[in-house]
There are 2 protein chains.
Amino acid sequence: MEIGISIEAENKVGVLHKLTGILSELGGNITYTQQFIKDDGKIGFIYMEVEGIKNIDELKKRIENCEYVKNFEIHSSLKKIYGKRVIIIGGGAQVAEVARGAISEADRHNIRGERISVDTLPIVGEENLYEAVKAVATLPRVGILVLAGSLMGGKITEAVKELKEKTNIPVISLKMFGSVPKVADLVVGDPLQAGVLAVMAIAETAKFDINRVKGRVL
Amino acid sequence: MEIGISIEAENKVGVLHKLTGILSELGGNITYTQQFIKDDGKIGFIYMEVEGIKNIDELKKRIENCEYVKNFEIHSSLKKIYGKRVIIIGGGAQVAEVARGAISEADRHNIRGERISVDTLPIVGEENLYEAVKAVATLPRVGILVLAGSLMGGKITEAVKELKEKTNIPVISLKMFGSVPKVADLVVGDPLQAGVLAVMAIAETAKFDINRVKGRVL
C-alpha cells in the first residue's frame, strides 16, 4: 500500500535526514518526495509517498516524537491528482494557443477518468530556453514537451538532444525557424493541433501513437 | 551559496536517507527536494537545492562513493527557472480562457526578467476538485490559485477555506454558481481578465495588490 505523508517542520539542518531514517527503519521505500521552504523561511514543508510500511501506528508515533516536526498528516497518496504533465515552453502567443488545444483535449480525457495537467512557461532567449528545456528532466510526471516559438536553435537544440538521451520524453515542435524542428519527434504547423496531439500522445484513452509518426511534419 | 544536485540512483530503501546524511554532515541545509521513481521502476531521480556547503570537493567524493548512486551532477540552482506558479483548476472551456490571459500576461513580465509559469488542471466533479484544491498546499512555488468553472461549492468550498487557513495563497474565482465565490479573495467575470489579474497579483513588475481589492467582484 502506498501512503502519502505531509509534514510541516522547522527549517533546520538534518530534519529530512531524520525523517527518511524513520521511514527506512520501518521498511518504507520513498517513491516520491517534494520538499520546500515556505515563504517565511522558518517552516519546511515535506510531502512524501511511501510504500511498504506495515506498522502505520509506529510510524505516527515516531514522526510525532521527531524533533522540529510541528504537525503532520498521513493520508492516501496524492500522486494521481495532478497526473501526467504536458509541458509547453516558448513565446507567449504560441504557448497560449498550444495550451488552449491541450487543455481542451485534456478535459475530454480527464472526464473519462484520466489525469492530465497542462503546464506552461512563456519565456524568451536562447539561454533561458536552454535552461528550461534542460530542467524538464528534473520535473516529475512529465509526459511530453512542446516547444512553441518562431525561432529556436543553437543551445536549445543541444538541450533537446540531451533530454532525449536522458529520458524517454517525446518532444513536439511547432513549425519554426532554427534547428529545433530537426531534433523533435514531431513537427506541427497549427499550435492548437500541436496541443491536442500532445495530449493524445500521452492519454491512455486516445489511440494516437507518436512513435508511429516519428519525424513527420504536419 | 545555493547549489543544485541532480542524482540518479537505484530504487532501493534508504538511498535518500544516506544522501541527506551526507548533506547534513557537511552542514548543508536542503531548501528544495524533488524525488521520484522513473517509469521503469528501477531508477530513482533526486534533485536537491542545498545551501551552506563549503567543501564541494568533499561533497562530490562522498556522493561518488555512496552505494546505489549511478550518476550525479552538481550545478547552479534550478529553482528560479520555473519561478512562481499560477495554478488554474476547473472546466476545460474556462481553464483554457483563464490560461490564455495568464500566459499572455506572464510573457510580458518574464520578458522583464521575472519567472512566472502557468499550470492548469482541467477537471470536473466535486470530489476531484476537492482533492485538487487541497493538494495545492503540497505543491512548491504556488503564487496564486484560480478556480475556473460554472458551479463550485460544497466540499470544494471547504478545501478553499482549508487552503486559506494553511497557506497565504490568494484565490481568484470566476463569477459562478455555488459558494466558492463567497470564500475567494476576488471574483472576476471575464476569464481572460481573471488570468491577467492572477499574474499581476504575483508579478513583481506589476502594481496590482490583491489585498487592496479583497472581497470585490469584477
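No experiment lies behind these values; they were computed from the predicted model shown.

Caption draft 1: A look at the sheet that holds strand β3 (residues 43-51) of chain A. Strand order across the open sheet formed by 8 strands is β4(A)-β1(A)-β3(A)-β2(A)-β2(B)-β3(B)-β1(B)-β4(B), with antiparallel pairing between neighbours. Edge positions in the sheet fall to β4 (69-76) of chain A together with β4 (69-76) of chain B, since each has one partner strand and no second. Each adjacent strand pair in this sheet contributes to an overall mean axis angle of 15°, direction not counted. Pairing geometry for strand β2 (residues 29-37) of chain A and β3 of chain A, over 8 bridges, is antiparallel. If you follow Asn29 of chain A over to β3 of chain A, its bridge partner there is Glu51 of chain A. Along the sheet face, helix α1 (residues 15-25) of chain A touches β1 (2-10), β2, β3 and β4 of chain A together with β2 (29-37) of chain B and points at about 20° away from the line of β3 of chain A. Relative to strand β3 (residues 43-51) of chain B, helix α1 (residues 15-25) of chain B is tilted by about 20°, and along the sheet it contacts β2 of chain A together with β1 (2-10), β2, β3 and β4 of chain B.

Caption draft 2: Structural view of the environment of Ile87 of chain A. Residues and elements named next belong to chain A. As for its position among the elements, Ile87 is in strand β5 (residues 84-90). On a C-alpha basis, the gap between Ile87 and Gly195 in space is 10.0 Å, while along the polypeptide they are 108 residues apart. Setting aside residues no more than four positions away along its own chain, Ile87 makes contact with Asp119, Val136, Leu139, Val142, Ile144, Leu145 and Val146.

Caption draft 3: A look at helix α6 (residues 155-166) of chain A. Residues and elements named next belong to chain A. The end-to-end C-alpha distance of α6 is 16 Å, a good match for the 16 Å that 12 residues give at a rise of 1.5 Å each. When α6 is considered as a whole, its buried residues turn out to be Ile156, Thr157, Ala159, Val160 and Leu163. End-on, the buried residues of α6 take up no more than an arc of 160°, which puts them together on one face. Summarising the contacts, the buried residues of α6 are in contact with α5 (126-135), β7 (142-148), β8 (171-174) and α7 (180-183).

Caption draft 4: Here's a closer look at the nonpolar core. If you look at the biggest cluster of nonpolar residues, it comprises 111 residues, and the most contacted ones within it are Ile88, Ile89, Leu145 and Ile172 of chain A together with Ile88, Ile89 and Leu145 of chain B. When residues no more than four places from it in sequence are discounted, the contact partners of Ile88 of chain A are Val95, Val98, Ala99, Ala102, Val118, Asp119, Thr120, Leu121, Val146 and Ala148 of chain A. Ranked by size, the runner-up nonpolar core spans 39 residues in total, among them Ile7 of chain A together with Ile7, Leu19 and Leu59 of chain B.

Caption draft 5: Region of interest: the sheet that holds β8 of chain A. Reading across from one edge, β10(A)-β9(A)-β8(A)-β7(A)-β5(A)-β6(A)-β6(B)-β5(B)-β7(B)-β8(B)-β9(B)-β10(B) is the order of the 12 strands in this open sheet, with mixed pairing throughout. Looking at strand neighbours, the two that pair on one side only are β10 (216-217) of chain A together with β10 (216-217) of chain B, the edges of this open sheet. Judged from the 3 bridges that link them, β8 of chain A and strand β9 (residues 186-188) of chain A form a sheet pairing that is parallel. Residue pairing in the sheet places Leu174 of chain A in a bridge with Val188 of chain A of β9 of chain A.

Caption draft 6: Up close: the packing of α5 of chain A against α6 of chain A. All names here are of chain A. Packing of α5 against α6 brings their axes to within 8 Å, and their N-to-C directions diverge by 5°. Relative to α6, the element α5 is oriented roughly parallel. Seen from α5, the contacting residues are Glu126, Glu127, Leu129, Tyr130, Val133 and Lys134; seen from α6, they are Lys155, Ile156, Ala159, Val160, Glu162 and Leu163. Grouping the amino acids of the contact of α5 with α6 by side-chain chemistry returns 7 nonpolar, no polar and 5 charged.

Caption draft 7: Main features of the interface of chain A and chain B. The interface is formed by 65 residues belonging to chain A together with 66 residues belonging to chain B. For the pair chain A and chain B, the two sides together bury roughly 5,300 Å², of which 57% comes from carbon and sulfur. For the pair chain A and chain B, the interface holds 4 salt bridges. Across the salt bridge formed by Lys134 of chain B and Glu73 of chain A, the nearest N and O atoms sit 4.0 Å from each other. At the junction of chain A and chain B, the tally comes to 24 residue pairs in polar contact (both at pLDDT 80 or more). Only α1, β2, β3, α3 (79-82), β5, α4 (92-110), β6 (116-122) and α5 of chain A provide two or more residues apiece to the side of chain A that touches chain B. Looking at the side of chain A that touches chain B element by element, the count peaks at 10 residues for α4 of chain A. When grouped by side-chain class, the residues that make up the side of chain A that touches chain B number 30 nonpolar, 22 polar and 13 charged. Here 5 bridges tie β2 of chain A to β2 of chain B, and the two strands are oriented antiparallel to one another.

Caption draft 8: Spatial organisation of the relation of the copies chain A and chain B. Mapping chain A onto chain B leaves a residual RMSD of 0.0 Å; the transformation is a rotation of 180° accompanied by 0.0 Å of translation along its axis. Between the two chains, the operation in question is that of a two-fold axis. Every residue of chain A has its C-alpha some distance from the rotation axis, and the shortest such distance is that of Asp119 of chain A, at 2.0 Å.

Caption draft 9: Representation of the packing of aromatic side chains in the model. Residues and elements named next belong to chain B. Counted according to the given criterion, the structure contains 4 aromatic pairs over all chains. Considering the side-chain rings of Tyr32 and Tyr47, the 6.2 Å spacing of their centres and the 65° angle between planes classify their relative orientation as edge-to-face. One end of the pair, Tyr32, is in strand β2; the other, Tyr47, is in strand β3, and 15 residues separate them in sequence. Residue class for Tyr32 comes out buried when judged on its relative accessible area of 5%. You can call Tyr47 buried: its relative accessible area is 3%.

Caption draft 10: Here's a closer look at the confidence of the model for chain A. All names here are of chain A. Looking at chain A, pLDDT values average 92 and 99% of them are 70 or higher. For chain A, the element scoring lowest by mean pLDDT is α3, at 75; β8 scores highest, at 98. Two numbers describe this predicted complex: its pTM, 0.86, and its ipTM, 0.84.

Caption draft 11: Seen up close, the pairing of β6 of chain A. Residues and elements named next belong to chain A. Of all the 7 residues making up β6, 7 are buried; the element is thus mostly covered by neighbouring parts of the structure. Burial along β6 is two-sided: Ile116, Val118, Thr120 and Pro122 and Ser117, Asp119 and Leu121, pointing in opposite directions, are all buried. By the bridge criterion, 7 bridges tie β5 to β6 in an arrangement that is parallel. Bridging from a neighbouring strand, Val86 pairs with Val118 of β6.

Criteria and cut-off values
- Starting afresh in each chain, residues are numbered from 1 along the sequence in its written order.
- Chains and ligands are labelled sequentially in the order written, the chains with letters from A and the ligands with numbers from 1.
- Reporting in this predicted model follows two pLDDT cut-offs: at least 70 for local features of residues, and 80 or more for side-chain atom pairs to be given and counted; totals over whole chains, interfaces and linings ignore these cut-offs and use all residues.
- Only hydrogens and water are set aside when side-chain values are computed; all heavy atoms of the structure are taken into account.
- When DSSP finds at least two bridges between two strands, those strands are taken to pair.
- In this description a helix means any DSSP run of H or I spanning at least four residues, a strand means any run of E spanning at least two, and both kinds are numbered starting from the N terminus.
- To get an axis, fit a line to the C-alpha atoms, keeping to the stretch in contact for a helix; angles then go from 0 to 180 degrees between the N-to-C directions.
- Should any heavy atoms of two residues lie within 4.5 Å, those residues are counted as being in contact.
- Each residue after the first adds 1.5 Å to the expected span of a helix.
- Burial classes: relative accessible area under 20% of the type maximum marks a residue as buried, over 50% as exposed, and values in between as partly exposed (1.4 Å probe, protein chains only).
- Throughout, the arc means that of the directions going from the helix axis to the C-beta atoms.
- Nonpolar cores were defined as sets of buried Ala, Val, Leu, Ile, Met, Phe, Trp, Tyr and Cys residues, with membership established by side-chain atoms within 4.5 Å.
- Any angle from 65 to 115 degrees is called roughly perpendicular, while one under 35 is roughly parallel, one over 145 is roughly antiparallel, and all others are oblique.
- Classes in brief: Ala, Val, Leu, Ile, Met, Phe, Trp, Tyr, Cys and Pro nonpolar; Asp, Glu, Lys and Arg charged; the others, Gly included, polar.
- Note on terms: buried area is the combined drop in 1.4 Å-probe accessible area of two parts once they are placed together, counting the loss on both.
- Whenever Lys or Arg places a side-chain nitrogen within 4 Å of a carboxyl oxygen from Asp or Glu, that contact is recorded as a salt bridge.
- Polar contact criterion, stated in full: a pair of N or O atoms within 3.5 Å, where within protein one must be able to donate a hydrogen and the other to accept it, and residues adjacent in sequence count only if both atoms are side-chain atoms.
- Superposing the copies works by least squares over the C-alpha atoms of residues that have pLDDT at least 70 in both of them.
- Any pair of Phe, Tyr and Trp rings, taking the six-membered ring for Trp, is counted once the centres come within 6.5 Å. Such a pair is stacked with planes under 30 degrees apart, edge-to-face with planes over 60 apart, and tilted for the rest.
- pLDDT is defined as a per-residue confidence score from the predictor, taking values between 0 and 100.

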